[in-house]
Structures are given as structure tokens and as C-alpha cells.
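# Breakdown of the fold
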Amino acid sequence: MSKVPTKIDQGAATPRTVLARLEAGNARFVAGGVSDRDWAAEVAATASGQFPLAAFVSCIDSRVPPEIVFDLGLGEAFAARTAGNVVDDDVLGSLEFAAAIAGVKVIVVLGHTACGAVKGACDGAELEHLTGLLAKITPAVQDVTGETAPGSGDPELVTKVVGRHVERMVVELTDRSETLRALVDQQRLAVVGAIYDLESATVTWMGSSPNR
Ligand SMILES: [Zn+2]
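We now turn to the structure provided with this report. (Residues numbered from 1 in each chain as written. Predicted model: local features only at pLDDT ≥ 70, side-chain atom pairs only at ≥ 80, totals over all residues. Heavy atoms only, no water.)

## A look at the overall build of the protein chain
- Scanning the protein chain from terminus to terminus reveals 10 helices and 5 strands.
- Here the C-alpha radius of gyration of the protein chain, 17 Å, is about what a compact globule of 212 residues would show, namely 17 Å.
- The buried share among the 212 residues of the protein chain stands at 46%.
- Across the protein chain, contacts joining residues at least 24 apart in sequence account for 72% of those joining residues at least 6 apart.
- Carbon together with sulfur atoms contributes 52% to the accessible area of the protein chain, which is approximately 10100 Å² in total. (Helix = DSSP H or I, 4+ residues; strand = E, 2+ residues; numbered from the N terminus. Rg over C-alpha atoms; globule rule 2.2 N^0.38 Å. Buried < 20%, exposed > 50% of the residue type's maximum accessible area, 1.4 Å probe, protein only. Contact = heavy atoms within 4.5 Å. Areas by Shrake-Rupley, 256 points an atom, 1.4 Å probe, with all protein chains shown as cover.)

Written out as C-alpha cells, the structure is:
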């Protein structure tokens, strides 16, 4: 039976041990052997407080709920989800809370293969507020292709843009937030990128943090 993280667990955790926990959780999910959970017991154990270990910036895609693909229970992780795992000021503020106040040891920027938002950015799609969101992915499109809207017909190109966009978001977190940068410098926090594969359910780590 799984157990929710306690204050003692959080205090003993390091970026390295949390990353190992996430890797093991995804391996269980891939193998079809997720933890046996007593959700009512987890509700009772977390009602008076939380001592989470990780935070995700991930896509709203219905196929990539981070808690499920990493086999996590209640009280283990924060999840900030936007289309295309785009970071904006409100996401940054949420992560500053997660890391500096709530004490998570790892922030994972989690992209995924065949991301519809990345495809939309590659196509130069426009729709009311979505237009501004996709514009935050366009720099990755330009990095990979040298163009702003090359089209999304080539799956390999989309995958490359997904990876480049995750790299850019990882850098943005510590470039734009002094709070997060200080925690990383003190090795109290790791910020890492990862890509979830919709077909295999596996997470590939990008190894972009100094703590890995
Ligand atoms: Zn997506």
C-alpha cells in the first residue's frame, strides 16, 4: 500500500531521491503495476496538511495527467497545466509557491509527443486567447526550423519542437524567477525537462538540471 509523504519524508528528500521516485513511478505505470491505493486513507492522511515532493508544468492534454503517469497519490505533487506546457507569470508564481513555500524538491517541465498545442504553433493557428498562448511556443518552432509557421505535417519536426520548447521552458523558469534560481543554486531544487511518449507511456528525461 502506498503512503503519502510526511514532513519527515519531505525533509529527508533531495532532488536526486525525488527524481528516482518519479522514474520508478513511471516504470510502474509503463509495466501496468501501479500502486495499490486506499484513496480514503490518503484523503484522511493529507487533510490537515501537505508535504509534496515535486511540481509539474505539463500540458492539459487528457492523455497526460502527470499524477497518473508517474503513479503518484494525494499530497505528492503540484501540477500546473497549460496547453503546450507554456509558462506564464501565473505558472511562475505557482511554482515559486510550490518550491519556496511548500518545499518541493523537483520541478518537471513535461512535454509530450504529438502535442496539439505545438502542432498549432507550427501551423500558425489563431483563436482568441489561444493565439497568445501559441506565440509562447513559436520561439521553439523558430529555433528548430528557422520559420514561424512551417506546418505540422512532419511528426519528426513536431517532436523536435516539443523537445526544444521544453528546454526553453526549463531555462525560462530559472531565468525569470530569482526565487527558483536561488533554490537551484543552493541545490535544494532541481528543474528538469522530460518528454512523455503517448504510444509507449514512457518518460524520457532531458537531463538539463545541474543536479542530475
Ligand atoms: Zn499537448
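## A word on the environment of Ala98
- Looking at where Ala98 falls in the secondary structure, it is placed in helix H5 (residues 89-101).
- Overall, Ala98 belongs to the buried group, its relative accessible area being 0%.
- In this view, Ala98 contacts Ala55, Phe78, Gly103 and Val104; residues no more than four positions away in its chain are not counted.

## Side note on the nonpolar core
- One finds Leu95, Ile107, Val118, Leu173, Leu180 and Leu189 to be the most contacted residues of the largest nonpolar core, which totals 39 residues.
- The dominant element in this core, judged by the number of residues it contributes, is helix H9 (residues 155-176), at 8 residues.
- Not counting residues up to four positions away in its chain, the partners in contact with Ile107 are Ala55, Val57, Leu95, Leu173, Leu180, Leu189, Ala190, Val191 and Val192.
- The next biggest cluster of nonpolar side chains, apart from the first, holds 21 residues, and it includes Val18, Val106, Val108 and Leu110. (Core = buried A, V, L, I, M, F, W, Y, C linked by side-chain atoms within 4.5 Å.)

## A look at the coordination of the zinc ion
- Around the zinc ion, the protein contributes the donor atoms Cys59 (SG), His112 (NE2) and Cys115 (SG), at 2.0 to 2.3 Å from the metal centre.
- Spacing between the donor residues of the zinc ion along their common chain follows C-x52-H-x2-C. Highlighted residues: Cys59 in the loop between strand E1 (54-58) and helix H4 (66-69) and His112 in strand E3 (residues 106-112), separated in sequence by 53 residues. (Donors = N, O, S within 2.8 Å, 3.2 Å for Na, K, Ca; no water.)

## Here's the deal with the sheet that holds strand E2 (residues 77-81)
- On the basis of which strands lie adjacent, the open sheet formed by 5 strands has the order E2-E1-E3-E4-E5 and mixed pairing. The sheet terminates laterally at E2 and strand E5 (203-205), the two strands that pair on one side only. On average, each strand axis in the sheet is tilted by 25 degrees relative to the strand beside it, whichever way the strands run.
- Judged from the 5 bridges that link them, E1 and E2 form a sheet pairing that is parallel. For Ala54, the partnering residue across the bridge sits in E2 and is Ala77.
- Its contacts with the sheet place helix H2 (residues 15-31) against E1, E3, strand E4 (190-196) and E5, and it is angled at close to 35 degrees to E3.
- Strands in contact with H9 are E3 and E4; relative to E4, the strand with the most contacts, it is inclined by about 165 degrees. (Pairing = 2+ DSSP bridges. Axes fitted to C-alpha atoms, helices over the stretch in contact; angles between N-to-C directions.)

## Some points on the side chain of Glu42
- Examined against the element boundaries, Glu42 turns out to sit in helix H3 (residues 39-46).
- The class of Glu42 is buried, set by a relative accessible area of 4%.
- Setting aside residues no more than four positions away along its own chain, Glu42 makes contact with Ser2, Val4, Arg37, Gly73 and Leu74.

## Comments concerning helix H10 (residues 178-185)
- Those residues of H10 that fall on the buried side of the exposure criterion are Leu180, Leu183 and Val184. Projected down its long axis, H10 carries its buried residues within an arc of 100 degrees, all on one side. Residues Glu178 and Asp185 are exposed on H10 and point more than 90 degrees away from its buried face.
- Where the residues of H10 are buried, they touch H5, E3, H9 and E4.
- Phi turns positive, to about 60 degrees, at Gln187, one or two residues after H10. (Arc of directions from axis to C-beta.)

## Looking at a nonpolar patch on the surface
- Taken together, the side chains of Trp39, Val43 and Leu74 define a hydrophobic patch exposed on the protein surface, amounting to about 270 Å² of accessible area.
- According to the relative accessible area criterion, Leu74 is partly exposed, its value standing at 30%. (Patch = residues over 30% accessible without salt bridge, like charges linked within 9 Å, V, L, I, M, F, W, Y side chains within 5 Å. Salt bridge = Lys/Arg side-chain N within 4 Å of Asp/Glu carboxyl O.)

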